[in-house]
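Residue-level listing of the chains:
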Amino acid sequence: MKFTKQAIEDALKTITVPGGGKNMIESKAVSNIVVFDDEVVVDLTITNPSLQAKKRTEVNIMKAIHELVYPKAKVQVNVKVNAPSNPKNQIKGKSIPGIQNIVAVASGKGGVGKSTVTSNIAVTLSKMGFKVGVLDADIYGPSVPIMFDVAHEKPLAVQVDGSSKMKPIENYGVKILSIGFFTKADQAVVWRGPMAAKALNQMIFDAAWGELDFLLIDLPPGTGDIHLSIMQSLPLTGAVVVSTPQNVALADAKKGVAMFQQESIDVPVLGIIENMAYFSPKELPDHKYYIFGQEGAKHLAEDLNVPFLGEIPIVQSIREAGDFGRPAAMQTETSIEAAFNTITQEVVQEVVKRNKNLPPTEAIKITTMAGCSAVKK
């Protein structure tokens, strides 16, 4: 008795792949069929790793061939199991409609100028033509309101689609929300983790952010409860780590990078910024004094295989601008503005690469705006 390969295929079309919903041929589970006289060899691959599924598949194939093709056929079934790897149990939050990219700015150690860097990147992005927001997530030491000269402002309630939302305070083209708007200047925030997390969630999801190209999140120092709450609440596009060059700060910055790279978190580190890199006195502008060490953050970035985004010198006007409430990057045609322009362009380029090479928050493309590379919808 001779029979054809087509007859075997027709018989296999009557069998559903375990857990697949499609038949053996349609699902392309069958990789090979060999027919020789009354002998049939069927090679196939299934994704269900259980022994029961494998045995049931073999029996069903033999039964279909014997009943539909030839009762005395000698059937050999070779089943290969190709079970998909278990997906990582990643911490990912829900997105906010209208916000394209969410970038966390972190530091392992306090006092390295993280909030200063966040503020200046925000105003630089705004000057480039982006729609920008800043969420001050430093619950216990909010400083962003001071740096934007809005410390005495209070967010108003607005109606959005029938719901009451907080309207962020806006200055220099940047929308801002901070716990500092809801506490007195001399009032300490003494909250446990769950209460702080609840406050953060309200500022994130009960706010009328509107359309934003970038939402920068100024995280507190360290690697603690607030950081985990943010990463549980939001799908971060990436993280920027700020450090000064000395070993004490670099040791903590390394921990900050490691936190984002944990398997359960897996937030791309867009790069490291070195703040307070060197000091040049006015009378000796060509001299650089490396007070805290030389290129420590740059070397750390190389060691960790993450991008180095640039360096910011120690300049008195940067501190004064922050205290006065007008970020130093607002000063046009200065070396400070140039430094923050360079760093911000690097951040934007890394966001572009991240969204191109990894599962994107939303598809983006590069356009040219104000002479700089920019990210738009």
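As a reminder, the structure under discussion sits directly above these lines.
Calculation notes
Residues numbered from 1 in each chain as written. Predicted model: local features only at pLDDT ≥ 70, side-chain atom pairs only at ≥ 80, totals over all residues. Heavy atoms only, no water. Salt bridge = Lys/Arg side-chain N within 4 Å of Asp/Glu carboxyl O. Helix = DSSP H or I, 4+ residues; strand = E, 2+ residues; numbered from the N terminus. Buried < 20%, exposed > 50% of the residue type's maximum accessible area, 1.4 Å probe, protein only. Polar contact = N/O pair within 3.5 Å; in protein donor to acceptor, adjacent residues only side chain to side chain. Contact = heavy atoms within 4.5 Å. Pairing = 2+ DSSP bridges. Axes fitted to C-alpha atoms, helices over the stretch in contact; angles between N-to-C directions.

Engineer: How would you sum up the pattern of salt bridges? Please name residues and give values.
Structural biologist: Two side chains bearing opposite charge may form a pair once their charged atoms approach each other closely. Per the counting criterion, the structure on display carries 6 salt bridges. The residue lysine 114 makes a salt bridge to aspartate 218 at a minimum N-O spacing of 2.9 Å. One end of the pair, lysine 114, is in helix 3 (residues 114-127); the other, aspartate 218, is in strand 10 (residues 212-218), with 104 residues separating them in the sequence. Accessibility expressed as a relative area gives 0% for aspartate 218, which makes it buried.

Engineer: Go over the side chain of serine 126 with me, naming the residues and quoting the values.
Structural biologist: Following the sequence through the fold, serine 126 ends up in helix 3. Engagement of the side chain of serine 126 in a polar contact is seen with the backbone oxygen of glycine 173, the distance being 3.4 Å. The contacts of serine 126, once residues within four sequence positions are left out, are Val132, Tyr172, Gly173 and Val174.

Engineer: Describe the environment of isoleucine 204, listing the residues and the values that go with them.
Structural biologist: Among the structural elements, isoleucine 204 can be located in helix 5 (residues 193-205). Look at isoleucine 204 and you get buried, because its relative accessible area is 2%. On a C-alpha basis, the gap between isoleucine 204 and serine 233 in space is 8.5 Å, while along the polypeptide they are 29 residues apart. If near-sequence neighbours (up to four positions away) are discounted, isoleucine 204 is found in contact with Ile96, Leu135, Trp209, Ile230, Ser233 and Leu234.

Engineer: Help me get a handle on the pairing of strand 2 (residues 39-46), residues and values and all.
Structural biologist: Going residue by residue along strand 2, you find Val40, Val42, Leu44 and Ile46 tucked away on one face and Glu39, Val41, Asp43 and Thr45 left uncovered on the opposite face. Pairing between strand 1 (residues 30-36) and strand 2: 6 bridges, direction antiparallel. Bridge assignment links valine 35 to a residue of strand 2, and that residue is valine 40. Counted along the chain from strand 1 to the antiparallel partner strand 2, the turn is 2 residues long, and its residue aspartate 37 has a positive phi close to 55 degrees. Pairing analysis gives 8 bridges linking strand 2 to strand 3 (residues 74-81), with the strands arranged parallel. What sits directly across from glutamate 39, in strand 3, is lysine 74.

Engineer: Describe the sheet that holds strand 2, naming the residues involved and giving the relevant values.
Structural biologist: Strands sit in the order 1-2-3 across an open sheet of 3 strands; the sheet is mixed. Every interior strand has two partners, whereas the edge strands, strand 1 and strand 3, have only one. Between one strand and the next, the sheet's axes are offset by a mean angle of 10 degrees, whatever the strand orientation. Its contacts with the sheet put helix 1 (residues 5-12) on strand 1 and strand 2, and the angle it makes with strand 1 is roughly 135 degrees.

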